[in-house]
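Listed below, chain by chain, are the residues.
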Amino acid sequence: MRSRIRFATTPATYAFVTGYGSDNALAPYGFYFGSGAHIHAQFSLSGGNVDIAAPTALTANKAYHLVETYDGVTARFYVNGVQVVSKAASGTLKNYVSG
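Bear in mind that the values here come from a model prediction, so they are computed numbers and not experimental data. (Residues numbered from 1 in each chain as written. Predicted model: local features only at pLDDT ≥ 70, side-chain atom pairs only at ≥ 80, totals over all residues. Heavy atoms only, no water.)

1. Observations regarding the sheet that holds strand 5 (residues 48–53)
Spatial strand order, 2-3-4-5: four strands in an open sheet with antiparallel pairing. Only two strands of the sheet have a single partner each, and these edge strands are strand 2 (16–20) and strand 5. Sheet twist, expressed as the mean angle between neighbouring strand axes with direction ignored, is 15 degrees. Bridging between strand 2 and strand 3 (residues 29–33) involves four bridges; their strand directions are antiparallel. For Thr18, the partnering residue across the bridge sits in strand 3 and is Phe31. (Pairing = 2+ DSSP bridges. Helix = DSSP H or I, 4+ residues; strand = E, 2+ residues; numbered from the N terminus. Axes fitted to C-alpha atoms, helices over the stretch in contact; angles between N-to-C directions.)

2. Examining the packing of aromatic side chains
This model, assessed by the stated rule, comprises five aromatic pairs. Judged by centre distance (5.5 Å) and plane angle (15 degrees), the ring pair of Tyr20 and Tyr29 falls under stacked. Look at Tyr20 and you get partly exposed, because its relative accessible area is 27%. (Phe/Tyr/Trp six-rings, centres within 6.5 Å; stacked < 30°, edge-to-face > 60°. Buried < 20%, exposed > 50% of the residue type's maximum accessible area, 1.4 Å probe, protein only.)

3. Digging into the nonpolar core
Of all hydrophobic cores here, the largest spans 19 residues; its most connected members are Ile5, Ile39, Phe43, Leu58, Leu66 and Phe77. Here the element with the most residues in this core is strand 4 (residues 39–45); it accounts for four residues. Excluding anything up to four places from it in sequence, Leu66 contacts Met1, Arg2, Ser3, Ile5, Phe31, Ile39, Phe77, Tyr78 and Val79. (Core = buried A, V, L, I, M, F, W, Y, C linked by side-chain atoms within 4.5 Å. Contact = heavy atoms within 4.5 Å.)

4. Topic: the sheet that holds strand 8 (residues 82–88)
Spatial strand order, 1-6-7-8: four strands in an open sheet with antiparallel pairing. Of all strands in the sheet, those bounded by a partner on one side alone are strand 1 (2–5) and strand 8. Mean inter-strand twist for the sheet, computed between neighbouring axes without regard to direction, equals 15 degrees. With five bridges connecting them, strand 6 (residues 64–70) and strand 7 (residues 74–79) associate as antiparallel partners. Bridged to Tyr70 within strand 7 is Ala75.

5. Brief notes about the side chain of Ser44
Examined against the element boundaries, Ser44 turns out to sit in strand 4. Among the polar contacts made by the side chain of Ser44, one reaches the side chain of Asn49 at a distance of 3.2 Å. (Polar contact = N/O pair within 3.5 Å; in protein donor to acceptor, adjacent residues only side chain to side chain.)

6. Overview of unusual backbone geometry
With a phi close to 70 degrees, Tyr14 is a non-glycine residue in the positive phi region. Note on placement: Tyr14 falls in the loop between strand 1 and strand 2. For Tyr14, a relative accessible area of 63% gives the class exposed. The backbone phi angle of Asn61 is positive, close to 65 degrees, even though this residue is not glycine. Structurally, Asn61 is set in the loop between strand 5 and strand 6.

Next up, the structure:
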């Protein structure tokens, strides 16, 4: 998934940025804000939920390009084209509808 974001003030903790899924189940993947403008990428996998956070807080009034990928082995998170964190993971995306 990828998203371009810009915000004027620091978003509230757990503010949802974008994702894929429905409101009645954990989205298979998406972005949200943790405390202090730290952006998180989350993946809901059959092997367990994976949450990875950018180590540096984002700054207000600056544009960002966010990308999260999962290849069946590793969850990766990129900010402005640079991989900022990765984590080993397993399973398939839960609640994902292809097509």
